[in-house]
Amino acid sequence: MINPWFSLFLASFMEVCWTYSLKALSMQRIKEIAWAHSLGQPALLLPVLPLLAYVGFGLANVYFLSLAMKDIPTATAYSAWMALAVVGIKLVDTVYLKQPLSWQSVFFTSLIIIGVLGLRRTE
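To start, this report covers the structure provided alongside it. (Residues numbered from 1 in each chain as written. Predicted model: local features only at pLDDT ≥ 70, side-chain atom pairs only at ≥ 80, totals over all residues. Heavy atoms only, no water.)

1. Overview of the layout of surface pockets
Space inside the largest pocket adds up to approximately 150 Å³. Every residue lining the largest pocket is listed: W5, T76, A80, A83, L84, V87, I113, V116, L117 and R120. For the lining of the largest pocket, the secondary structure elements donating two or more residues are α5 (74-96) and α6 (103-121). Looking at the lining of the largest pocket, the element that brings in the most residues is α5, giving five residues. Taken together, the residues of the lining of the largest pocket sort by class into eight nonpolar, one polar and one charged. (1 Å grid on protein atoms, 1.4 Å probe; cavity = no way out; pocket = protein on both sides within 12 Å on 5 of 7 lines; lining within 4 Å. Points joined across faces, edges and corners; volume = space filled by probe spheres on them. Helix = DSSP H or I, 4+ residues; strand = E, 2+ residues; numbered from the N terminus. Nonpolar A, V, L, I, M, F, W, Y, C, P; charged D, E, K, R; others polar.)

Right under this line is the structure:
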């Protein structure tokens, strides 16, 4: 059996991946696929990958979060899951997408983490 906190971490990681798959998803590009001609050329099906990732990461996210919620109080699990996801998204934005990092965003993200740690201590 997986440790519930590890399941929660995996769920948060899947949430981060799900968010960026959603960002990469273009329904317009999927609509433009000439399906009859694309089956022989797999490269033409690349616009479908974000959709497949969206579904896969979404299902994995729900699965791991549900595992964690079996042993962790719901409010604590949900807030920790969201806090980890927010931190993960902020890290990807800053490190990979080169978005500017402001002191205000660090401060408010820290408040989220402090709140989750406070909930964890009151379980």
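Once the structure has been displayed, the description carries forward.
2. A look at the packing of helix α4 (residues 49-69) against α5
A pair of packed helices is captured by two measures, namely the crossing angle of their axes and the spacing between those axes. Where α4 meets α5, the closest approach of the two axes is 9 Å, and the angle between their N-to-C directions is 140°. Judged by the sense of rotation from one axis to the other, the crossing of α4 with α5 is right-handed. For the pair α4 and α5, contact is made by N61, L65 and M69 and by T74, A77, Y78 and W81, respectively. Residues of the contact of α4 with α5, tallied by class, amount to five nonpolar, two polar and no charged. (Axes fitted to C-alpha atoms, helices over the stretch in contact; angles between N-to-C directions. Left-handed = near helix turned anticlockwise from the far one by under 90°. Contact = heavy atoms within 4.5 Å.)

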